[in-house]
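A structural walkthrough
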2 protein chains.
Amino acid sequence: MQRYFTITQLTQEFDITTRTLRFYEAQGLVTPHRRGRQRLYTPGDRTRIKLILRGKRLGFSLNEVKELIEMYGKAPGETGQLRLLLDKIAARREELLEKQRDIELTLLELEEVEAGAKARMTEIQSHVKSEEV
Amino acid sequence: MQRYFTITQLTQEFDITTRTLRFYEAQGLVTPHRRGRQRLYTPGDRTRIKLILRGKRLGFSLNEVKELIEMYGKAPGETGQLRLLLDKIAARREELLEKQRDIELTLLELEEVEAGAKARMTEIQSHVKSEEV
DNA sequence: CACTGTATTGACTTTAACGTAAAAAGACGG
DNA sequence: CCGTCTTTTTACGTTAAAGTCAATACAGTG
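Attention here is on the structure that accompanies the text. Just so you know, these numbers come straight off a predicted model, no measurement behind them. (Residues numbered from 1 in each chain as written. Chains lettered and ligands numbered in written order. Predicted model: local features only at pLDDT ≥ 70, side-chain atom pairs only at ≥ 80, totals over all residues.)

**Topic: the protein's contact with DNA strand D**
Around DNA strand D, the structure places 18 residues, and the nearest of them are T8 and R39 of chain A together with T17, S61 and L62 of chain B. Broken down by secondary-structure element, the contributors of at least two residues to the surface near DNA strand D are α1 (7-14), α2 (18-26) and β2 (38-40) of chain A together with α2 (18-26) and α4 (62-73) of chain B. A total of 3 residues in the surface near DNA strand D trace back to one element, the largest contributor, which is α2 of chain B. Of the residues belonging to the surface near DNA strand D, the class tally is 3 nonpolar, 9 polar and 6 charged. (Near = placed C-beta within 6 Å. Helix = DSSP H or I, 4+ residues; strand = E, 2+ residues; numbered from the N terminus. Nonpolar A, V, L, I, M, F, W, Y, C, P; charged D, E, K, R; others polar.)

As structure tokens, this is what we get:
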């Protein structure tokens, strides 16, 4: 049973515009079916869109995202260049691990700032209290 | 003892161009000293540049990075709007945590693809061996 | 001082990722 | 069937983040 999504359904679900989805299509990132001129998105298309948006959140360009998705898309059988695929996977993994470290560092720094701010707040509080006496 | 860095030193260290550093300066992200017209970067400037690049790797825009850095820069004392600062920190943290989840998911998917590829490889290997018999 | 190489400035160009507007074609409710 | 609404297509505009190029300006060296 093939359930389809319309373009507006997806734009609402993911909070993007139709322009964006058509743009992704023009870039070859999704290829919805057509009923006449109308676009019909399969659940698979929907998943791809999710992957695209996730990639974007991580700072990957659309081209990089495309490469990633194509890796998923290929069944392992039809992948002629297995060695090459494995290399790409390794490279992506390295990038992701670096991003993880970047995030950890940034979170730590945020905590420091937060601690400073909170300390400053309670300090102000105590001033207020002493003035209240 | 104030040790300075030249612009080219930094471009080499971080693998960016002079144009990029001057652009960041024009955006108010760094403000190196001058000796005549020549730019002199302090270790503090260097740290800021590191932060900028880290932010970029995580997919933040330069403006977002600027906000982040300004949060670090402000001593907690001179932060008039402590509540506002804490809110911003919380928002950033949420974003970062989401990115962490995104990374985890992507890593998992990469592992799946990798497993498939490796399985396919050993399969091919065994074919070769059986032909060798 | 002349030469050479590096820095700076300013202007213009480029690329990615959409936004916006206009015109035409379906889709639908009454 | 008519008007309204949505969708599509086409084309041009925009923004962020630099890249590229040209015209100097120094700075150090022999």
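So, next bit.
**Here we look at the protein's contact with DNA strand C**
Taken together, 18 residues lie around DNA strand C, and T17, S61 and L62 of chain A together with T8 and R39 of chain B are the ones closest in. At the level of secondary structure, the elements contributing two or more residues to the surface near DNA strand C comprise α2 and α4 (62-73) of chain A together with α1 (7-14), α2 and β2 (38-40) of chain B. Of the residues that constitute the surface near DNA strand C, the class distribution is 3 nonpolar, 9 polar and 6 charged.

**What about the nonpolar core?**
All names here are of chain A. Within the largest apolar cluster, 13 residues are counted, with the highest numbers of intra-cluster contacts made by L10, Y24, L29, V30, I49, I52 and V65. Within the residue set of this core, elements represented by two or more residues are α2, α3 (43-57) and α4. At 3 residues, α3 tops the list of elements feeding residues into this core. Residues in contact with I49, not counting those within four places in the same chain, are L10, F14 and V30. (Core = buried A, V, L, I, M, F, W, Y, C linked by C-beta atoms within 7 Å. Buried ≥ 20, exposed ≤ 12 C-beta atoms within 10 Å, placed from the backbone. Contact = placed C-beta atoms within 7 Å.)

**Thoughts on the interface of chain B and chain A**
At the interface, 33 residues of chain B touch 33 residues of chain A. Counting only elements with at least two residues in the side of chain B that touches chain A, the list comes to α3 (43-57), α4 and α5 (82-132) of chain B. With 24 residues, the single largest contributor to the side of chain B that touches chain A is α5 of chain B. Of the residues in the side of chain B that touches chain A, the class split is 17 nonpolar, 6 polar and 10 charged.

**A look at the relation of the copies chain B and chain A**
Rotating chain B by 180 degrees and translating it 0.0 Å along the rotation axis places it on chain A, where the RMSD comes to 0.1 Å. Look at the turn and shift together and you get a two-fold axis relating the two. Of every C-alpha in chain B, the one belonging to G59 of chain B sits nearest the axis of rotation, 1.9 Å from it. Taken as a fraction of all interface residues of chain B, those also at the interface in chain A reach 100%, which identifies the copy contact as same-surface. (Least-squares fit on C-alpha atoms with pLDDT ≥ 70 in both.)

**Comments concerning unusual backbone geometry**
Residues and elements named next belong to chain A. Of note in the backbone geometry, D15 takes a positive phi value of approximately 55 degrees without being a glycine. With respect to the helices and strands, the residue D15 is situated in the loop between α1 and α2. On the basis of neighbour counts, which here come to 8 C-beta atoms within 10 Å, the residue D15 falls in the exposed class.

**Considerations on α3 of chain B**
For an α-helix, 3.6 residues make a turn, and residues three or four places apart therefore share a direction. Over its 15 residues, α3 of chain B runs 21 Å from end to end, which matches the ideal 21 Å to within 8%, given 1.5 Å per residue. Elements in contact with the buried residues of α3 of chain B: α5 (82-132) of chain A together with α1, α2 and α4 of chain B. G59 of chain B lies just past α3 of chain B and shows a positive phi near 85 degrees. (Expected span 1.5 Å × (residues − 1).)

**Focus: the packing of α3 of chain B against α4 of chain B**
All names here are of chain B. For the pair α3 and α4, the least separation of the axes is 9 Å and the interaxial angle reads 135 degrees. Our classification of the angle between α3 and α4 gives oblique. As for how α3 packs across α4, the hand of that crossing is right-handed. On α4, the residues that touch R48, L51, I52, G55 and K56 of α3 are E64, V65, L68 and I69. The residue inventory of the contact of α3 with α4, partitioned by class, reads 5 nonpolar, 1 polar and 3 charged. (Axes fitted to C-alpha atoms, helices over the stretch in contact; angles between N-to-C directions. Parallel < 35°, antiparallel > 145°, perpendicular 65-115°, else oblique. Left-handed = near helix turned anticlockwise from the far one by under 90°.)

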